Amino acid sequence: MARLRSGHKTQEEKELKGNEESKDKQIKRSLSCSQLMFKIIKNTIVVVVCIYLASPIISLLFPGAITQVIFLNLFGKRWFSDDLSYPESAAINCTGTRNLYIDSTDGVKLGTWQVLPVSVQEKSNNRDDDFFDQVLADGKPIVIYFHGNAGTRGWGHRVDLYKDFTGLDYHVVAVDYRGFGDSEGWPYPEGIFSDALATINWVKARSKASPVYLWGHSMGSGVAARVSKRLCDAGTCPAGVILETPFSSLHDAFMHHPFAIPFWVMPGYLWLHAYAMNDTIEAFHSDQCMSSILCPILILHAEDDAIVPFHLGQKLYKIAKEVRPESAGPVKFVNFGRNGYGHKHICDAPELPAILKEFIV
């Protein structure tokens, strides 16, 4: 009997020991997985921080990296966006729009949308290319839209703004610069300015007496300012220029961008970044264009803009007031406060249509 009990006890002890060993193995496996995950996260953070700290050197060694930092055009390629060939599709929902491709000055094909005013959309059923070309001469205002970095002419907040324009019975022409969206080529400052001028020339070849306004958002404000200066210098000023969330210069915008904040405490880092970006940064000096832009200027900015600080829009406004000749058209600054519009949703402001109707005549 004692042997049986002893044997039984030994069996129980073996099972208990086996269970404990199994639990120990599970705990070790769990710890091993946790440690592995922690190691992966730690290494990822280290790599990201190292790349971040080394970014000025990377910029100097690989100029193409600078292009991406500034333009972010790859975020607007086809694999990141809806098919821009079908602007009226459910995914984009930009009605009354045709998709076309304009030749830039060097033959690069630029993806472009022409959006009809609401009144024209309602009256026309047969909209072939000839109709779209001819209707630009109907006398209604035409807004040529130059978007900011990243994305395409089909991104949501941009489409919302087109709807604001067409609801006011304006024509809209929106272009993707080279390397953006479905446009050919790769972006660089002078190429982008050429694309903007080619778009303007395409419109003016069809618009006759219809007034043409230029609208630039964020980086696009630098494009609108630069090409407006060139047009005014040539004696062909646009009817007006609207600068949405603009910077005084790309250099100022970079120095105050959230990406640059950690570099403020690192001596020399901001200077090194600016040096690496010099060719591109120097091309986007809206402040240097103000004295030549003789047509009316409207500047729109929100105080809660976290990308291009509000004070840079104010700075550009003050410069425009100071350097433009008395014979130039008026310059107006509109503050959209802290209402959640931020950097790209001024299109949602209920007062925007009234502001535009006062400026665009």
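Residues numbered from 1 in each chain as written. Predicted model: local features only at pLDDT ≥ 70, side-chain atom pairs only at ≥ 80, totals over all residues. Heavy atoms only, no water.

Student: What is the right way to read the overall build of the protein chain from this model?
Tutor: Across its full length, the protein chain carries 12 helices and 8 strands. Burial analysis of the protein chain (361 residues in total) assigns 50% to the buried set. Long-range pairs, those at least 24 residues apart, make up 73% of the contacts in the protein chain with a sequence separation of at least 6. Only carbon and sulfur atoms are counted for the fraction: they give 58% of the accessible area of the protein chain, which is about 17700 Å². (Helix = DSSP H or I, 4+ residues; strand = E, 2+ residues; numbered from the N terminus. Buried < 20%, exposed > 50% of the residue type's maximum accessible area, 1.4 Å probe, protein only. Contact = heavy atoms within 4.5 Å. Areas by Shrake-Rupley, 256 points an atom, 1.4 Å probe, with all protein chains shown as cover.)

Student: Looking at this model, I keep getting lost on the pattern of salt bridges. Mind explaining?
Tutor: Pairs may arise between side chains of opposite charge once their charged atoms sit close together. Within the structure shown, the criterion is met by 15 salt bridges. One salt bridge connects Arg153 with Asp182, and the closest N-O pair in it is separated by 2.8 Å. Placement of Arg153 in the loop between strand E3 (142-146) and helix H5 (156-167) and of Asp182 in the loop between strand E4 (171-175) and helix H6 (189-207) is noted, with a sequence separation of 29 residues between them. Accessibility assignment for this pair places Arg153 and Asp182 in one class, buried. The closest approach of N and O atoms between Glu303 and Arg338, which form a salt bridge, is 3.8 Å. (Salt bridge = Lys/Arg side-chain N within 4 Å of Asp/Glu carboxyl O.)

Student: How should I be thinking about the packing of aromatic side chains in this particular structure?
Tutor: For any pair of aromatic rings, the description rests on two quantities: the centre-to-centre distance and the angle between the ring planes. In this structure the tally under the stated criterion is 11 aromatic pairs. Seen in terms of ring centroids, Trp113 and Tyr162 are 6.4 Å apart; in terms of plane orientation they differ by 80°. Their pairing is edge-to-face. Here Trp113 is found in strand E2 (residues 109-115), whereas its partner Tyr162 is found in helix H5, with 49 residues between them in sequence. The same class applies to Trp113 as to Tyr162, namely buried. Both rings, one in Tyr317 and one in Phe333, keep their centres 5.6 Å apart while their planes meet at 50°; by these two values the pair is tilted. With a gap of 16 residues between them, Tyr317 in helix H11 (residues 310-323) and Phe333 in strand E8 (residues 331-335) connect regions that are remote in the sequence. Look at Tyr317 and you get partly exposed, because its relative accessible area is 23%. The buried category is assigned to Phe333, whose relative accessible area is 19%. Linked through ring pairs, Phe71, Phe193 and Phe284 together constitute an aromatic cluster. (Phe/Tyr/Trp six-rings, centres within 6.5 Å; stacked < 30°, edge-to-face > 60°.)

Student: Got a minute to help me understand the pairing of strand E5 (residues 212-217) in this structure?
Tutor: Consecutive side chains of a regular strand alternate in pointing toward one face of the sheet and then the other. Counting buried positions over the 6 residues of E5 gives 6, a clear majority of the element. Neither face of E5 is open: one carries Val212, Leu214 and Gly216, the other Tyr213, Trp215 and His217, and all of them are buried. Summarising the sheet, E3 and E5 pair through 5 bridges and their orientation is parallel. Paired with Ile144 across the bridge in E5 is Leu214. As paired elements, E5 and strand E6 (residues 240-244) share 5 bridges and run parallel to each other. Directly across from Tyr213, in E6, lies its bridge partner Gly240. Once you follow E5 into helix H7 (residues 219-233) and on to E6, the crossover reads as right-handed. (Pairing = 2+ DSSP bridges. Right-handed = clockwise from strand over helix to strand, strands pointing away.)

Student: Any chance you could explain the side chain of Thr199 here in plain terms?
Tutor: If you trace the backbone, Thr199 turns up in helix H6. A distance of 2.8 Å separates the side chain of Thr199 from the backbone oxygen of Asp195, its partner in a polar contact. The residues contacting Thr199, other than those within four sequence positions of it, are Ile102, Leu110, Ile144, Val173 and Val175. (Polar contact = N/O pair within 3.5 Å; in protein donor to acceptor, adjacent residues only side chain to side chain.)

Student: Help me understand H6 in this model?
Tutor: Residue pairs three or four apart in sequence face the same way in an α-helix, which turns once every 3.6 residues. Taking 1.5 Å per residue as the helical rise, H6 with its 19 residues ought to reach 27 Å, and the 27 Å between its terminal C-alpha atoms agrees with that figure. Most of H6 sits out of view: 14 of its 19 residues are buried. The positive-phi residue at the C-terminal boundary of H6 is Lys208, with phi of around 55°. (Expected span 1.5 Å × (residues − 1).)

Student: Before we go on, may I ask you to explain unusual backbone geometry in this structure?
Tutor: Outside of glycine, negative phi angles account for most residues, and trans bonds account for most peptide bonds. Phi angles above zero are rare outside glycine, and Ala150 is one such case at about 65°. If you trace the backbone, Ala150 turns up in the loop between E3 and H5. For Ser218, which is not a glycine, the phi torsion comes out positive at approximately 55°. Considering the arrangement of structural elements, one finds Ser218 in the loop between E5 and H7. Judged by its relative accessible area of 7%, Ser218 falls in the buried class.

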